[in-house]
Amino acid sequence: MEINALYDWLKPKSKPLLIAGPCSVESEEQMMRTADSLARTGLVSAFRGGVWKPRTKPGSFEGIGSPALKWLKAAGTKHQIPVITEVANARHVEEALEAGIDMLWIGARTTVNPFYVQDIADALKGTDIPVLVKNPIHPEVKLWLGALERLNNAGIQKLGAIHRGFYAYQSQPFRNEPKWEVFFELRRLAPDLPVICDPSHIAGRSELIGEVCQSALDLGMDGFMIESHIEPHKALSDPLQQLRPYDLDLVYRALEHRDEAI
Ligand code: PEP
Ligand code: MN
């Protein structure tokens, strides 16, 4: 794979790289207040926000959809910080590009399906938008890499992987098992591929995020994507694992050996 170095295309505000923002973009006010606080930390290189939410059960909040794209983009424009959202099909790609979203990620439930990934890759032909690919729900490194290769074959070179842990029946203490050995296999097979840790979906609980971040850093991962919400207890999705921007700042600054990691 031909991959451009992460720090060439995403100018980090801090090292390791930090992408942060709410699980879901819920309202213009929630997104802007969260972004305002995150920007104040001076640490965040991109704002995340889910617009189309892949929920396990029907009837849960499934995201605002397309209208939320402009709230996410407005937060980025105000603070001159790129924004990233999840896409799961070609229509999402078209709408996200149209709204000026700067980067995209593919979620764990989409990476498992080569048809969907190929549709996304086809919709991205002719662009050079950065794409981060989450691991599939189960620990299959070849499927994960296959998704990245499909994007790369479509001409996308600004690529990265996101390690968000793996589903395990009755996983404890984490929501999703980190299985760090899977990261090592990925690194061995694709040494130039940037790998970012998503401690929020691994931990599932905000109080465990610091220790997951420290493990990821100690293992040599390149950065983090962390869920942050101005009022986590009111979040419409993943309320237990989102950190207030203030707490995220504390967790990040408490990490040991930050400078040696890059
Ligand atoms: C998310 O990032 O909000 C999300 C739905 O993640 P995952 O695909 O890792 O479950
Ligand atoms: Mn989430």
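**Student:** Just to check I follow, could you spell out the nonpolar core for this structure?
**Tutor:** Ranked by internal contacts, the top residues of the largest apolar core, which has 69 residues, are Leu18, Phe47, Leu124, Val131, Leu151, Leu193 and Phe224. If one sorts the elements of this core by residue count, helix H7 (residues 141-153) sits on top with six residues. The next biggest cluster of nonpolar side chains, apart from the first, holds 13 residues, and it includes Leu10, Ile84, Met103 and Leu132.

**Student:** How should I be thinking about the side chain of Lys53 in this particular structure?
**Tutor:** Looking at where Lys53 falls in the secondary structure, it is placed in the loop between strand S2 (46-48) and helix H3 (67-79). The charged side chain of Lys53 is buried without a salt bridge, its nearest counter-charge being Glu86 at 4.9 Å. A polar side-chain atom of Lys53 sits 3.0 Å from the main-chain carbonyl oxygen of Cys23. Sequence-distant contacts of Lys53, that is, excluding residues within four places in its chain, are made with Cys23, Ser24, Arg48, Phe61, Glu62, Gly63 and Ser237.

**Student:** What is the right way to read the site of ligand 1 from this model?
**Tutor:** Around ligand 1, a shell composed of 13 residues is seen, among which Arg48, Lys53, Arg109, Lys134 and Arg164 lie nearest. Between ligand 1 and Lys53, the relevant distance is 2.8 Å, taken from an oxygen atom to a side-chain nitrogen or oxygen of the residue. One nitrogen or oxygen atom from the side chain of Lys134 is found 2.8 Å from an oxygen atom belonging to ligand 1. Protein contacts shield 96% of the accessible area of ligand 1, which totals 300 Å² for the unbound molecule. Of the residues assigned to the shell around ligand 1, the class counts are four nonpolar, two polar and seven charged.

**Student:** For this particular structure, what's the right way to read the coordination of the manganese ion (ligand 2)?
**Tutor:** Ideal geometry at a metal gives 109.5 degrees between four tetrahedral donors and either 90 or 180 degrees between six octahedral ones. Here the manganese ion (ligand 2) is held by Cys23 (SG), His201 (NE2), Glu227 (OE) and Asp238 (OD), and the distances to it run 2.1 to 2.4 Å. Considered as a linear motif, the donors of the manganese ion (ligand 2) on their single chain read C-x177-H-x25-E-x10-D. Of the two residues, His201 sits in helix H9 (residues 199-203) while Glu227 sits in strand S8 (residues 223-227), which places them 26 residues apart along the sequence. Note on accessibility: His201 and Glu227 belong to one class, buried.

**Student:** What's the story with the sheet that holds strand S6 (residues 159-163) in this structure? I'm lost.
**Tutor:** For sheets, the rule is that strands pair by backbone hydrogen bonds, running either parallel or antiparallel. Sheet architecture is closed into a barrel: eight strands sit in the order S1-S2-S3-S4-S5-S6-S7-S8, paired in parallel fashion. Neighbouring strand axes in the sheet, compared pairwise and without regard to direction, differ in orientation by 30° on average. Examined bridge by bridge, S6 and strand S7 (residues 195-197) share three bridges and lie parallel to one another. By the bridge assignment, Ile162 is partnered in S7 with Ile196. Packed onto the sheet, helix H8 (residues 180-189) meets S6 and S7 and runs at close to 165° relative to S7.

**Student:** I would appreciate a short explanation of unusual backbone geometry in the present structure.
**Tutor:** Trans is the common state for peptide bonds, and a negative phi is the common state for residues other than glycine. The omega torsion of the bond from Lys15 to Pro16 falls at -5°, within 30 degrees of zero and hence cis. Within the secondary structure, Pro16 is located in the loop between helix H1 (6-9) and strand S1 (17-21). With omega at -5°, the peptide bond leading from Gln172 into Pro173 counts as cis. If you trace the backbone, Pro173 turns up in the loop between S6 and H8. For Asp238, which is not glycine, the phi dihedral falls at a positive 45°. Tracing the backbone shows Asp238 in the loop between S8 and helix H11 (245-253). Take Asp238: its relative accessible area is 14%, and that puts it in the buried class. Although it is not a glycine, His257 adopts a positive phi angle of roughly 60°. By relative accessible area, His257 is classed as partly exposed at 47%.

The rules behind the values
Residues numbered from 1 in each chain as written. Chains lettered and ligands numbered in written order. Predicted model: local features only at pLDDT ≥ 70, side-chain atom pairs only at ≥ 80, totals over all residues. Heavy atoms only, no water. Core = buried A, V, L, I, M, F, W, Y, C linked by side-chain atoms within 4.5 Å. Buried < 20%, exposed > 50% of the residue type's maximum accessible area, 1.4 Å probe, protein only. Helix = DSSP H or I, 4+ residues; strand = E, 2+ residues; numbered from the N terminus. Lys, Arg positive; Asp, Glu negative; His and termini not counted. Salt bridge = Lys/Arg side-chain N within 4 Å of Asp/Glu carboxyl O. Polar contact = N/O pair within 3.5 Å; in protein donor to acceptor, adjacent residues only side chain to side chain. Contact = heavy atoms within 4.5 Å. Near = heavy atom within 4 Å. Areas by Shrake-Rupley, 256 points an atom, 1.4 Å probe, with all protein chains shown as cover. Nonpolar A, V, L, I, M, F, W, Y, C, P; charged D, E, K, R; others polar. Donors = N, O, S within 2.8 Å, 3.2 Å for Na, K, Ca; no water. Pairing = 2+ DSSP bridges. Axes fitted to C-alpha atoms, helices over the stretch in contact; angles between N-to-C directions.

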